[in-house]
Structure formats: C-alpha cells, structure tokens
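Here are the chains, one letter per residue:
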Amino acid sequence: MVVEMSTIQYAERMGSTKWLSADQQRAWRAYLLGSAQLMERIDRDLRVLGLSMPEYEILVRLSESPGRTLRMAELAQSVHHSRSRLTHTIARMESAGMVEREACPSDRRGVLARLTDKGYARLVETAPHHVAGVRDGLIDLVSEDDLAALGRVFAAVSARNTAALAGKPRDRVNDVAAAYPGEENDNGVADADAPATPETSTAD
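Description of the structure in this document.

Rules used in this analysis
Residues numbered from 1 in each chain as written. Predicted model: local features only at pLDDT ≥ 70, side-chain atom pairs only at ≥ 80, totals over all residues. Heavy atoms only, no water. Helix = DSSP H or I, 4+ residues; strand = E, 2+ residues; numbered from the N terminus. Expected span 1.5 Å × (residues − 1). Buried < 20%, exposed > 50% of the residue type's maximum accessible area, 1.4 Å probe, protein only. Contact = heavy atoms within 4.5 Å. Salt bridge = Lys/Arg side-chain N within 4 Å of Asp/Glu carboxyl O. Axes fitted to C-alpha atoms, helices over the stretch in contact; angles between N-to-C directions. Parallel < 35°, antiparallel > 145°, perpendicular 65-115°, else oblique. Nonpolar A, V, L, I, M, F, W, Y, C, P; charged D, E, K, R; others polar. Phe/Tyr/Trp six-rings, centres within 6.5 Å; stacked < 30°, edge-to-face > 60°.

Looking at unusual backbone geometry
Item 1. One non-glycine residue with positive phi stands out, namely Arg68, at about 50°.
Item 2. Structurally, Arg68 can be placed in the loop between α3 (53-63) and β1 (69-71).
Item 3. Unlike most non-glycine residues, His80 shows phi in positive territory, near 55°.
Item 4. As for its placement among the helices and strands, His80 is situated in the loop between α4 (72-78) and α5 (83-95).

Shown next, in the form of structure tokens:
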C-alpha cells in the first residue's frame, strides 16, 4: 500500500534539508558530467580494442590475485557487479578464451575464475592504450595534490557505501583509511611495494 506524505510532513522534511551551497552544487554537477564523459570515453577506447570496461576490470582484478584466480563472489564484489551480471560477462570472456571457471577445491558450492595465458596477454596488450587514455582524460589534467585529494575523496565515498551495505556507519574523509587496491601510505597513494600489474608494468 502506498502511503502519501502529508503536506505538513513534506514541509517539515523540506525545512530540515541542508541544501547545497552554490560552490557545492557546481562541484557536484561538474562531477556528474565529467565522470560520465570520462567513463564513456574510457569504455569507447577499450571497445575499439575489443574489450568492454567491465571485461578489462575483470582482467585487472584477476591479474592482481594469487595464481591469477579469484572466487566468483570475491570478483563480483571487487568490480561492484551483481553475481548474475558477472556470470554473464565471465561466460562471454570464457568463450573468448580469456578466463576459465573451475570448482573451488575447498568449497564444492564455490566457483573460481582463473585468468588464462591468453587473457593475461590480452591485458598486457591493452593496458598501455588504456593507461594512456586515463592519463589524457584525468591524471595529466590535475596537480599531484588535487589527484591525491581526489583519491582520498573517493576512498571515503567507497568506504561509506561499503559500510552502508554492511550496516556499519563511517565518518568523513579524514576518518577513512585509504581504500585503493593494494596497501597504501597515509597520503592515500598506492604503496610502491605493491605488486606490479600490467597497468604499472607490462613485465611478466
């Protein structure tokens, strides 16, 4: 049954709204437009090379994992996909020979996704083009300080939303530990000792 909000309830809720300032509104709208344009460009550039953005991210996550293997449930979480969506994408990649699926030896209900040599070679081939697009579209447009701030901001955003899904409250940016892939220092910059991937080095 749909319960309509009364006029009094609506007025009370609107009166308690903490509206965005003009600067906050500009920043929010710049984020909406800029991020949509950037993701569209990155995905378009990858599709020219025969991969979609989700497929590329799956290759990256598998390449960073021990044995280039992850449980499907962990992989879905790492790329923020539903399990059904991931299953569909993995099936397509499996048909192309980039990944293989196998039963988890420690859990008969679990399924592992493993990056094949063909899939890794595809990632090594594609990574330089992808990284060049990321640099041109974002990294080289801003200062190192702004980039570090951007990293901290979205580490906080990710932590807040991850905590919300788990039912755990989190605080603002300064109270959120860095959440990039790999270990990080206090500045929110990826640790130089983190394992190299094709995005940082094409060396096998």
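Focus: helix α2 (residues 22-48)
Item 1. Between its first and last C-alpha atoms α2 spans 39 Å; for 27 residues at 1.5 Å apiece the expected length is 39 Å, and the two agree.
Item 2. Within α2, the full set of buried residues consists of Leu38, Ile42, Asp43 and Leu46.
Item 3. Against the buried residues of α2 lie α3 and α6 (117-137).

Observations regarding the pattern of salt bridges
Item 1. Summed over the entire model, instances satisfying the criterion amount to nine salt bridges.
Item 2. Across the pair Arg41 and Asp136 runs a salt bridge whose closest N-O atoms are separated by 2.9 Å. With a gap of 95 residues between them, Arg41 in helix α2 and Asp136 in helix α6 connect regions that are remote in the sequence.
Item 3. Classification of Arg41 by relative accessible area gives partly exposed; the value is 25%.

Some points on the packing of α2 against α3
Item 1. Across the interface, α2 lies against α3 with an axial gap of 8 Å and an inter-helix angle of 80°. Regarding the angle of α2 to α3, the classification is roughly perpendicular. Residue-level contacts link Ile42, Asp43 and Leu46 of α2 to Met53, Pro54 and Tyr56 of α3.
Item 2. Class assignment for the residues of the contact of α2 with α3 results in five nonpolar, no polar and one charged.

With respect to the packing of aromatic side chains
Item 1. On inspection of all chains with the given rule, the structure shows two aromatic pairs.
Item 2. Each ring, one from Tyr31 and one from Phe154, has its centre 5.6 Å from the other, and the planes form 35°; the classification is tilted. Here the residue Tyr31 occupies a position in helix α2, and Phe154 occupies one in helix α7 (residues 144-166), the gap between them amounting to 123 residues.
Item 3. Take Tyr31: its relative accessible area is 35%, and that puts it in the partly exposed class.

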